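Breakdown of the fold
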Amino acid sequence: MIFAFLFSIVGSAEAQRRRTKRKAKARTHRVVKRKRVPVRKPTIHENPYMQCEDTCQHVHGIDLSHYQGEVFWETVGDKTSMAYVYLKATEGADRIDARYEHNIAMAHRHGLKVGSYHFFRPKSDLTLQLTNFTTQCLPGEQDLIPMLDVESTGGLSEEQFCDSLTTFLGMLEEAYHQKPLIYTGRNFYNKYLQGQLDDYMLMIAMYTDEEPELADGRDICLWQYTSRGTLNGVNGYVDKSRFMGQHELRELRFVR
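Residues numbered from 1 in each chain as written. Predicted model: local features only at pLDDT ≥ 70, side-chain atom pairs only at ≥ 80, totals over all residues. Heavy atoms only, no water.

1. Things to note about the overall build of the chain
Our working rule: Secondary structure counts use DSSP, requiring at least four H or I residues in a row for a helix and at least two E residues in a row for a strand, with both numbered from the N terminus. Relative accessibility under 20% of the residue-type maximum defines a buried residue, over 50% an exposed one, and the middle range a partly exposed one, all with a 1.4 Å probe and only protein chains included. Residue contacts are counted whenever heavy atoms from the two residues lie within 4.5 Å of one another. To measure how exposed things are, a 1.4 Å probe is used in the Shrake-Rupley method; for residues, cover is taken only from the protein chains shown.
Within the chain, the regular secondary structure consists of six helices and nine strands. The buried share among the 256 residues of the chain stands at 42%. Intrachain contacts of the chain at a sequence separation of at least 6 include 63% that bridge at least 24 residues. For the chain, the exposed area adds up to about 15200 Å²; of that, 51% sits on carbon and sulfur atoms.

2. Brief notes about the layout of surface pockets
Counted only if it meets this: Cavities and pockets were defined on a 1 Å grid built over protein atoms only: a cavity is a set of grid points that admits a 1.4 Å probe from which the probe cannot escape, a pocket is an open set flanked by protein on both sides within 12 Å along at least five of seven lines, and lining residues are those with an atom within 4 Å of any such point. Grid points are joined across faces, edges and corners, and a volume is the space filled by probe spheres set on the points. Put simply, Ala, Val, Leu, Ile, Met, Phe, Trp, Tyr, Cys and Pro go in the nonpolar bin, Asp, Glu, Lys and Arg in the charged bin, and everything else, Gly too, in the polar bin.
Roughly 240 Å³ of volume is contained in the largest pocket. As for the largest pocket, its lining consists of 16 residues, of which D63, Y117, D149, E151 and D239 are closest to the centre. At the level of secondary structure, the elements contributing two or more residues to the lining of the largest pocket comprise strand 1 (60-64), strand 2 (82-91), strand 4 (113-119) and strand 5 (147-149). For the lining of the largest pocket, the per-class residue count stands at six nonpolar, three polar and seven charged.

3. Quick word on the pattern of salt bridges
Oppositely charged side chains can pair when the atoms bearing their charge come close. Formally: Salt bridge criterion: a side-chain nitrogen from Lys or Arg within 4 Å of a carboxyl oxygen from Asp or Glu.
All told, the structure shown has six salt bridges when counted by the stated rule. The shortest N-O distance in the salt bridge between K179 and E173 comes to 3.1 Å. With a shortest N-O distance of 2.6 Å, R250 and E248 are connected by a salt bridge. By relative accessible area, R250 is classed as exposed at 62%. Judged by relative accessible area, which is 37%, E248 ranks as partly exposed. One continuous salt-bridge network, built from bridges that share partners, spans K88, E91, R95 and R121.

4. Some thoughts on the packing of helix 4 (residues 126-136) against helix 5 (residues 158-176)
In plain terms, the rule: In this analysis, axes come from line fits to C-alpha atoms, helices being fitted only over the stretch in contact, and the angle between any two N-to-C directions falls in the range 0 to 180 degrees. A clockwise turn of the near helix away from the far one marks a right-handed crossing, whereas an anticlockwise turn of less than a right angle marks a left-handed crossing.
Contact geometry of helix 4 with helix 5 gives a least axis separation of 10 Å together with a crossing angle of 40 degrees. Judged by the twist between their axes, the crossing of helix 4 over helix 5 is right-handed. Residues L126, T127, Q129, L130, F133 and T134 of helix 4 lie in contact with helix 5, whose contacting residues are S164, T167, F168, M171, L172, A175 and Y176. Grouping the constituent residues of the contact of helix 4 with helix 5 by class yields eight nonpolar, five polar and no charged.

5. Section: the side chain of N132
Here N132 shows up in helix 4. Sequence-distant contacts of N132, that is, excluding residues within four places in its chain, are made with T90, E91, G92, A93, D94, R95 and I96.

6. Re the pairing of strand 4
Across a regular strand the side chains alternate sides, sitting on one face of the sheet and then on the other. The condition is simple: Strand pairing follows a simple DSSP-based rule, namely that at least 2 bridges must link the two strands. Seen with the strands pointing away from the viewer, any crossover whose path from the first strand over the helix to the second strand runs clockwise is right-handed.
Of all seven residues making up strand 4, six are buried, and the element is well covered by its neighbours. As paired strands, strand 2 and strand 4 are joined by seven bridges and run parallel to one another. The residue bridging Y84 from the neighbouring strand is K113, located in strand 4. Alignment of strand 4 against strand 5, held across three bridges, turns out to be parallel. Bridge pairing in strand 5 links F119 to D149. With helix 4 bridging strand 4 and its parallel neighbour strand 5, the resulting β-α-β unit is right-handed.

7. Here's the deal with the environment of E74
Note on placement: E74 falls in helix 2 (residues 73-78). Expressed as a C-alpha distance, the spacing of E74 and N232, which sit 158 residues apart in the sequence, is 9.9 Å.

See below:
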């Protein structure tokens with residue numbers, strides 16, 4: 001009986017070891033299910049290889065100046081989805097963009113709709129600024145209405161700046177018989193231009209993934225969504241824009 005008792009103790013211990021071993025093995029091979037975390041795709045501002053024009057149906061365009069250097073227009077015109085280009089013509093009272101004449105001829109040759117812009121200097125003589133721009137921006141070479149680039153107060157008070165801008169806009173309208181397009185940044189508009197441009201179409205620069213909204217709720221015609229765009233045929237970065245909402249390219253047509 002003693003032998004049987006000892007045997008039962010040994011057997012119970014052995015059985016317990018086997019059970020423990022099985023549990024340990026089960027724990028070792030248990031598959032832990034992990035919650036799937038969705039992979040967020042990089043935006044166009046995070047991935048320089050992702051182009052907005054490749055991911056949407058909006059009408060896109062660019063603006064260029066001498067800063068881009070030599071542009072291979074046959075590539076830009078024939079092998080991209082850009083529909084229009086605004087070219088810098090002049091700045092202030094006496095500056096002329098060094099590549100304007102060449103760029104506008106080549107852009108036309110390769111099928112883009114072309115407009116020209118003037119960089120506004122509020123403190124410079126307005127008559128000289130107008131003469132500078134109209135000497136370069138010839139009506140017969142324009143597909144799109146002129147654009148005025150407004151980015152600085154020039155150190156003037158807000159009242160003086162707005163007076164200068166309003167006067168110059170009137171001069172441009174008289175010269176071209178149509179209102180120019182206004183280019184400016186969202187923050188600059190909200191700080192200085194609310195209530196000053198109610199009759200003008202706007203191109204607003206804001207480099208984020210969300211469409212811009214203005215503090216006064218003004219309608220936006222075009223959105224310049226990046227200053228670091230890339231484009232075959234252009235060295236370095238290029239500004240890209242697109243139409244907002246239901247706006248169309250025909251709204252900017254230059255009327256001769």
